[in-house]
Amino acid sequence: MPALSRVEGLTLGHDLKTREPVTLAADHARVLLICGKRGSGKSYTLGVLAEELFQQTPRPCVLIVDPVGIFWTMSQAADPKKPGLPAPRARQAGLPLQLLVPGEPAKMYPESLRAHFTRCGIAIERLTLDPAELSSDAWCELFALSINEPLGIALSRAVQSLAGSTTSFDLDAVEEALQRDPLSQDRTKEALLNRLSMAKSWGLFAATSADVTATVTPARVNVLDLAVLDYGPQGLRSLVLAIVARRLFTHHQRLRQQALASAAALPKLWLLIDEAHQFIPQGSSTLAKDTLIRWVKEGRQPGLSCILASQQPGSLEQDVLSQCDALISHKLTNLEDLQAANRLSQAYMGSELKVYLRHLKQPGQAVLVDDARERVAMLQVRPRRTRHGGGEL
């Protein structure tokens, strides 16, 4: 396989017919969908793209949203004994990696795993959220409350009273505001105080939090480890992603204004989201959904790209799918998912996407539809240079 420096763009693999390298341009903001049924190679391909992005010059910021807990293994080299890996002359090495951990790392990971992270050279950065960053609507959604019922009204009133007097506050301040509220009944206050006590146990909230815009840098592959949070009714994973994405979006908007004024180069940021249907579902809301839709619709000017990976493209918001300018589809068999992906077929393809997908025979094979270059290619995804944390291809 040719060296990265000899091929323009991101090297995805080789064409199944010609054996020529298949690349994807990364010199401008992109919105890319990777889909495929379980075991077809979706998350593996996401890792390949992360490796390629990290090798670009100038290097962009790479942030992987990991709800499964498999991407920290990119800090280690791929096992050369595994079949299908590059020839020995190809360099294999782990990448410098930083884990962004929502909550207290000592509580989220056992000591043995933290020690392993240290041996792998993984930097761990604790991520906390300022309660002031949540709107009253978001607080109600977090606790599954209606903003039109007594509990939701009382909580909204407490949060709004604090937001009007300070730019930052902690959960103790919210409790005090509830206690002072003369319009709320004692039963309502008690119910809300119980919920706030539960929120304290998450270890997520603090009046002062690390600046994620300074933490996420091109020096390392950044992995937001959402697997440490329960996939439960509180929507904590979506909450964390919403806050992080909003901070980064706002920061890059400011950077763009500065770049326009000074003619400086605008830094690029790629947001890679595994299991994206969890955060941008079709027909229902999450705390992260509006922010991510804005990212894919308005991110081009501030240099923001997005790669969405999902085994259920039929469950992804249609507004987001319509913004994708490239698609990498592995094997799909579910009818709803096949129909959703097939709607991304383009006139220049000659046949619908579903026709191409019928010719995929094994994991790691995929169809690339690249609207920027108006081309379609059937490819074998290249072997990973770093260790894959999911099932090996």
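Predicted model only: the values in this text are computed from it and were never measured.

## Here we look at the pairing of strand S9 (residues 304–310)
Along S9, seven of the seven residues are buried, which leaves the element largely enclosed by surrounding structure. Of the two faces of S9, the one holding Leu-304, Cys-306, Leu-308 and Ser-310 and the one holding Ser-305, Ile-307 and Ala-309 are both buried throughout. Relative to S9, strand S3 (residues 31–35) runs parallel, the two sharing five bridges. Paired with Leu-32 across the strands is Ile-307, a residue of S9. As for the winding sense of the linkage, the β-α-β connection from strand S8 (residues 269–273) through helix H10 (residues 289–298) to S9 is right-handed.

## Quick word on the confidence of the model for the protein chain
Taken residue by residue, the protein chain gives an average pLDDT of 91. The fraction at 70 or more is 93%. Here residues 1–7 is a poorly scored stretch, pLDDT under 50, and it has 11 contacts once near neighbours within four places are set aside; other chains count. Throughout residues 84–89 the model reports pLDDT below 50, and contacts reaching past four residues in sequence, or to other chains, amount to 11 contacts.

## With respect to the state of the cysteines
The final tally for this structure, using the stated rule, is zero disulfides. Between Cys-61, a free cysteine, and Cys-306, which holds the nearest cysteine sulfur, the sulfur-to-sulfur gap is 15 Å. We note that Cys-306 lacks a disulfide partner, and the nearest cysteine sulfur, in Cys-324, lies 8.1 Å from it.

## Overview of the packing of aromatic side chains
One pass over the full model with this rule turns up seven aromatic pairs. Ring centres of Trp-202 and Phe-205 lie 6.5 Å apart, and the angle between their planes is 40°; this geometry places the pair in the tilted category. On the basis of relative accessibility, which here comes to 13%, the residue Trp-202 falls in the buried class. On the numbers, 6.3 Å between centres and 55° between planes, the contact of Phe-249 with Trp-295 is tilted. You can see Phe-249 sitting in helix H9 (residues 236–262) and its partner Trp-295 sitting in helix H10, a full 46 residues away along the chain. Note that Arg-384 overlies the ring of Tyr-44, its terminal NZ or CZ placed 5.6 Å from the centroid.

## Re the packing of helix H5 (residues 150–163) against helix H7 (residues 186–201)
Between two packed helices, both the angle of their axes relative to each other and the distance between the axes serve to describe the pair. Running from N to C, H5 and H7 point in directions that differ by 70°, and their axes come no closer than 10 Å. In terms of orientation, H5 and H7 fall into the roughly perpendicular class. Crossing of H5 over H7 shows right-handed handedness. Residues Pro-150, Leu-151, Ala-154 and Leu-155 of H5 lie in contact with H7, whose contacting residues are Thr-188, Ala-191, Leu-192 and Arg-195. Across the contact of H5 with H7, the residue classes tally to six nonpolar, one polar and one charged.

## Structural notes on the nonpolar core
Counting residues in hydrophobic clusters, the biggest one holds 120 residues, and the most contacted among them are Phe-205 and Leu-224. Looking at this core element by element, the count peaks at 10 residues for H9.

## Details of unusual backbone geometry
For the bond from Thr-57 to Pro-58, the omega torsion is -5°, close enough to zero to count as cis. For Pro-58, the position within the fold is in the loop between helix H1 (42–54) and strand S4 (61–66). Of note in the backbone geometry, Glu-275 takes a positive phi value of approximately 50° without being a glycine. Position of Glu-275 relative to the elements: it lies in the loop between S8 and H10. Glu-275 gets classed as buried once you look at its relative accessible area, which sits at 8%. Even without being glycine, Glu-374 reaches a positive phi, approximately 50°. On the secondary structure map, Glu-374 appears in the loop between strand S11 (365–370) and strand S12 (375–381). Residue Glu-374 is classed as exposed on the basis of its relative accessible area, which comes to 53%.

## Quick notes on the pattern of salt bridges
Within this structure, the stated rule accounts for 18 salt bridges. With a shortest N-O distance of 3.3 Å, Arg-126 and Glu-104 are connected by a salt bridge. With Arg-126 in strand S6 (residues 123–127) and Glu-104 in the loop between strand S5 (97–102) and helix H2 (105–108), this pair connects stretches of sequence that are 22 residues apart. Where Arg-157 meets Asp-181, a salt bridge forms, and the shortest distance between an N and an O atom there is 2.9 Å. Here Arg-157 is found in helix H5, whereas its partner Asp-181 is found in the loop between helix H6 (171–180) and H7, with 24 residues between them in sequence.

Criteria and thresholds
- Residues numbered from 1 in each chain as written.
- Predicted model: local features only at pLDDT ≥ 70, side-chain atom pairs only at ≥ 80, totals over all residues.
- Heavy atoms only, no water.
- Buried < 20%, exposed > 50% of the residue type's maximum accessible area, 1.4 Å probe, protein only.
- Helix = DSSP H or I, 4+ residues; strand = E, 2+ residues; numbered from the N terminus.
- Pairing = 2+ DSSP bridges.
- Right-handed = clockwise from strand over helix to strand, strands pointing away.
- pLDDT = per-residue confidence, 0-100.
- Contact = heavy atoms within 4.5 Å.
- Disulfide = S-S within 2.5 Å.
- Phe/Tyr/Trp six-rings, centres within 6.5 Å; stacked < 30°, edge-to-face > 60°.
- Lys NZ or Arg CZ within 6 Å of the ring centre and 35° of its normal.
- Axes fitted to C-alpha atoms, helices over the stretch in contact; angles between N-to-C directions.
- Parallel < 35°, antiparallel > 145°, perpendicular 65-115°, else oblique.
- Left-handed = near helix turned anticlockwise from the far one by under 90°.
- Nonpolar A, V, L, I, M, F, W, Y, C, P; charged D, E, K, R; others polar.
- Core = buried A, V, L, I, M, F, W, Y, C linked by side-chain atoms within 4.5 Å.
- Salt bridge = Lys/Arg side-chain N within 4 Å of Asp/Glu carboxyl O.

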